[in-house]
Amino acid sequence: MQRVLIVGAGFSGAVIARALAEAGVAVTVADARPHVAGNCHTERCPDTGVMVHVYGPHIFHTDNEGVWAYVNRFGAFRPYVNRVKATVGGRVFALPVNLHTINQIFGTAMRPDEARAFIAARAQAPAHGGEPANFEEQALAMVGPEIYAAFFKGYTAKQWGCDPRELPASILKRLPLRFNYDDNYFFHRFQGMPEAGYTALVAAILDCPGVTLRLGSPVTPGDARAGGWDHVVWTGPLDAWFGHDLGRLGYRTLAFERFTHDGDWQGCAVMNHPDPDVPYTRIAEHRHFAPWETPRGSVVVREYARACGPDDIPYYPIRLAGEQALLRRYVARARAEARVSFVGRLGTYRYLDMDVTINEALKAAQSLILARKTGAPPPAFPVDPL
Ligand code: UDP
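Residues numbered from 1 in each chain as written. Predicted model: local features only at pLDDT ≥ 70, side-chain atom pairs only at ≥ 80, totals over all residues. Heavy atoms only, no water.

Asks: Which residues make up the pattern of salt bridges, and what values go with them?
Replies: Summed over the entire model, instances satisfying the criterion amount to 19 salt bridges. With a closest N to O distance of 3.7 Å, Lys-85 and Asp-183 form a salt bridge. Here Lys-85, found in strand E7 (residues 84-88), pairs with Asp-183, found in the loop between helix H5 (135-160) and strand E9 (190-194); they are 98 residues apart in sequence, far enough to count as distant. As a salt-bridge pair, Arg-335 and Asp-384 come within 3.4 Å of each other at their nearest N and O atoms. Taken together, the positions of Arg-335 in helix H9 (residues 321-335) and Asp-384 in the segment after helix H11 (354-374) put the pair 49 residues apart, joining distant regions of the chain. (Salt bridge = Lys/Arg side-chain N within 4 Å of Asp/Glu carboxyl O. Helix = DSSP H or I, 4+ residues; strand = E, 2+ residues; numbered from the N terminus.)

Asks: Talk me through the nonpolar core; I want residue IDs and the actual numbers.
Replies: Counting 107 residues, the largest nonpolar core has Ile-16, Phe-151, Phe-152 and Leu-238 as the members making the most contacts within it. In contact with Ile-16, not counting residues within four places along its chain, are Ile-6, Val-233, Val-343, Ala-361, Ala-364, Ala-365 and Leu-368. (Core = buried A, V, L, I, M, F, W, Y, C linked by side-chain atoms within 4.5 Å. Buried < 20%, exposed > 50% of the residue type's maximum accessible area, 1.4 Å probe, protein only. Contact = heavy atoms within 4.5 Å.)

Asks: Could you give me a rundown of the site of the ligand, with the residues and numbers involved?
Replies: Taken together, 16 residues surround the ligand, and among them Arg-174, Tyr-185, Asn-272, Tyr-316 and Tyr-351 come closest. Note that an oxygen atom of the ligand is positioned 3.3 Å from one of the backbone N or O atoms of Phe-152. Thr-156 is positioned such that a nitrogen or oxygen atom in its side chain is 2.8 Å from an oxygen atom of the ligand. Burial of the ligand by the protein chains amounts to 92% of its free accessible area of 520 Å². Top element by residues in the shell around the ligand is H5. It accounts for seven residues. The class makeup of the residues in the shell around the ligand is 11 nonpolar, three polar and two charged. (Near = heavy atom within 4 Å. Polar contact = N/O pair within 3.5 Å; in protein donor to acceptor, adjacent residues only side chain to side chain. Areas by Shrake-Rupley, 256 points an atom, 1.4 Å probe, with all protein chains shown as cover. Nonpolar A, V, L, I, M, F, W, Y, C, P; charged D, E, K, R; others polar.)

Asks: Pulling in residues and values, what's your account of the sheet that holds strand E17 (residues 340-342)?
Replies: An order of E10-E2-E1-E11-E17 is seen for the five strands of this open sheet, with the pairing classed as parallel. A single partner strand is all that each edge strand has here, and the edge strands are strand E10 (211-214) and E17. Across this sheet, the average inter-strand angle for adjacent strands is 20°, counted without regard to direction. Relative to strand E11 (residues 231-234), strand E1 (residues 3-7) is paired through four bridges, and the arrangement is parallel. When the sheet's bridge partners are listed, Leu-5 is paired in E11 with Val-232. (Pairing = 2+ DSSP bridges. Axes fitted to C-alpha atoms, helices over the stretch in contact; angles between N-to-C directions.)

The structure is reproduced here in structure tokens:
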């Protein structure tokens with residue numbers, strides 16, 4: 001394995017490229033877009049000077065010290081804590097659901113133990129007597145009907161485009177429920193924002209002898225197969241490698257409605273809008289993602305979720321039962337491919353946070369380097385997608 005093509009210059013592609021190049025492999029990284037960093041791409045708005053997260057907000061958080069040390073090698077991080085608010089029925093609440101939210105919605109001043117008992121009394125176990133089998137049952141068992149209706153039901157229906165009863169309980173497990181006033185959205189020990197933006201961070205990872213970068217350079221599976229590469233790392237959609245010939249793996253995509261404003265539009269970075277009659281899910285005001293900067297104005301973005309068509313950018317893998325069955329068929333075919341590895345959010349069709357993506361990419365690179373040493377065929381999936 002002397003010449004490797006990596007398709008995609010997001011975190012997965014960049015991290016693997018650097019590790020392979022450092023191990024003496026000549027790596028070419030190609031991306032169809034004119035920039036690196038994939039959907040983490042940030043760029044400055046020329047009118048306001050605001051650093052904009054072009055494909056939606058990204059907040060770096062991790063419990064993995066190795067990953068935290070890794071990203072800090074390539075750029076300075078500024079302290080940043082994700083604190084999200086929600087507007088429901090014309091009132092503003094604290095998220096994630098914490099003691100403040102509970103006291104706000106019920107008009108109470110309960111202490112932690114009182115609130116815990118109060119919510120436990122409202123929580124509704126599934127009528128079937130078993131474990132919660134879907135998102136709605138999980139939410140009702142966790143927080144009861146009032147909080148479910150206010151914060152989860154409408155938001156989730158808009159985000160996923162279906163009834164929350166059709167969704168797995170696991171989606172809700174991403175969200176904390178706290179009986180104190182901690183409104184930090186994440187549990188992780190390390191949290192921050194790259195001072196110069198994500199694009200500069202990924203560019204620094206790719207800035208390594210042995211890495212050739214080709215931007216604005218779409219690579220089809222046919223091109224990749226015919227290129228005479230010893231190995232291809234594909235970070236694009238798994239089904240795209242096969243020309244979607246078994247059908248399309250479903251995603252949700254996002255539409256962004258962007259406008260500028262002279263002052264501070266909403267006073268915080270992210271305001272969720274769970275109400276079902278509001279068409280967007282949330283509003284991000286990007287200057288608040290870089291509170292150490294003093295921009296000239298503000299960039300505000302309303303976010304709408306919808307089904308992903310063939311020409312849309314895929315964001316959230318849906319992974320319901322139908323998609324899982326199709327995924328298994330594509331995975332079986334991918335395992336039979338020689339000289340291709342599938343990695344990352346799109347390559348493995350999983351919803352991955354940035355830190356998990358980086359950790360998996362580091363592991364994928366190690367398995368490729370090991371295969372190179374031993375002469376064994378590199379794995380099609382360095383990380384199991386199922
Ligand atoms: N969610 C919700 N209300 C909120 C925020 C989240 O119902 O105000 C649900 C929604 O189904 C979402 C899931 O919880 O898809 C996970 O939320 P998270 O904030 O992790 O979503 P992300 O930031 O990844 O879009």
